[in-house]
Amino acid sequence: MGQGSSTPGAIEKLPDPVTRKAASEFLGKCFTDEIWVPLSKGEDQCDKDMFVKAIELRNHAPSLRAWLEFWRIDELEEVLKSLDVMTTSDLWLLEDKEIGKIGLKTVHWAHWEKAVAHSRYLDAIDFDYPPSPLYLWLESWRLQRLHKGLFDLGVDVKDDIIDLSESDAQQNLGFKLLELRRWTKARASLQGNLKSFDFSASRDNAVPTLDTWLESLMLEEMKEPLAMLGAYELSDLADIDDRELASLQMNKLQTKHYMMGLAQVEQAKKLASLDGHADDATWRGWLESWRLLRLQTVMEEMGAYTRQDLIDLEPNEYSLLKMRPLEAKRFEGAMIAVEEEFNP
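What this report covers is the structure whose coordinates are included nearby. Being a predicted model, the structure only gives us computed values, none of them experimental.

## Let's talk about the packing of helix H1 (residues 20-27) against helix H3 (residues 48-59)
(1) Moving on: Contact geometry for H1 and H3: axes closest at 12 Å, N-to-C directions at 25 degrees. In terms of orientation, H1 lies roughly parallel with respect to H3. Between H1 and H3 the crossing geometry is right-handed. Between H1 and H3, the contacting residues are Ala23, Phe26 and Leu27 on the first element and Phe51, Ile55 and Arg58 on the second.

Structure, rendered in structure tokens:
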């Protein structure tokens, strides 16, 4: 992108209509006739709103592959992932020795320079989100049981859920009572945050397992080193100091991804998703602590897999749990504690 394009107010300062000269200066190396001609219809100027929307559309590529396709270097996807490129803003951080491993062809270099310029721009405007693959999204909503059913319906990424009709979902996914309620909330929330979904942004979302979190950040190889440090769940990461972090020997991009994910964990703590209570006991342990373990099977048959899921159970539905008198009294106390924890 051009010099100054990432400074605050740069888009607002563009003339209306946008001239070819202004567009070229703003886009810098990213300016091409392939972009300009359709927008301007071959003229020397184009509508500013259309120009801005074209920029936003390119910034909001649904995946790394889609973004690489735009710059016509999508055949490099696998080798880039092997170099730990995970997001669009990672590309410009590759060092010369790493770029040398890619084996860029002559024409690729022209496309590569445009992509790197755009990558640098996206990083400068903080347009970078931790990835949230389908499996992480499902786990955060305690809906991972539906993964296979969604795959059978052709749902490979979160974006596909928008195109799945409610009737098809209900007919084919075999929802349990509380799963359906979470699904309804989860699907509605997708409309506004497909790309920017963050499990730490809402108390409705549960914190994923450490394994899922590492996989989403392309850090699976860190699982064993973290275990050797004694980190078994996300809350343990807060105990890792700089010396222990250095012992993981992560490269520049891996460190970037780790810190990006760690910011999510810190935010989740602020929302009390990892407030200390979650660290004390598993789902089974929590039930045992309230002497409600006998109810685990019926709760899971209703779609409750964590104590947080019980919030969606209406008081007039408590009878479905078939509790004994003293269990009902303890359950009432347990629900008060859950409400205070997740809905203060």
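That was the structure; now back to the text.
## Observations regarding helix H7 (residues 106-124)
(1) Moving on: Between its terminal C-alpha atoms H7 stretches 28 Å, which fits the 27 Å expected from 19 residues at 1.5 Å a residue.
(2) Moving on: Considered for burial, the residues of H7 that qualify are His108, His111, Trp112, Ala115, Val116, Ala117, His118, Ser119, Tyr121 and Leu122.
(3) Moving on: Looking at the packing, one finds that the buried side of H7 touches H1, H3, helix H4 (64-70), helix H5 (77-82) and helix H6 (96-99).
(4) Moving on: Immediately downstream of H7, the backbone of Asp126 shows phi near 60 degrees, a positive value.

## Details of the packing of helix H2 (residues 33-40) against H3
(1) Moving on: The N-to-C vectors of H2 and H3 enclose an angle of 140 degrees; their axes lie 10 Å apart at closest approach. Classed by the angle they form, the pair H2 and H3 counts as oblique. Crossing of H2 against H3: the hand is right-handed. For the pair formed by H2 and H3, the contact residues are Ile35, Trp36 and Leu39 on the first element and Met50, Phe51, Ala54 and Arg58 on the second.
(2) Moving on: Looking at the contact of H2 with H3 residue by residue, the classes come out as six nonpolar, no polar and one charged.

About the thresholds
- Residues numbered from 1 in each chain as written.
- Predicted model: local features only at pLDDT ≥ 70, side-chain atom pairs only at ≥ 80, totals over all residues.
- Heavy atoms only, no water.
- Axes fitted to C-alpha atoms, helices over the stretch in contact; angles between N-to-C directions.
- Helix = DSSP H or I, 4+ residues; strand = E, 2+ residues; numbered from the N terminus.
- Parallel < 35°, antiparallel > 145°, perpendicular 65-115°, else oblique.
- Left-handed = near helix turned anticlockwise from the far one by under 90°.
- Contact = heavy atoms within 4.5 Å.
- Expected span 1.5 Å × (residues − 1).
- Buried < 20%, exposed > 50% of the residue type's maximum accessible area, 1.4 Å probe, protein only.
- Nonpolar A, V, L, I, M, F, W, Y, C, P; charged D, E, K, R; others polar.

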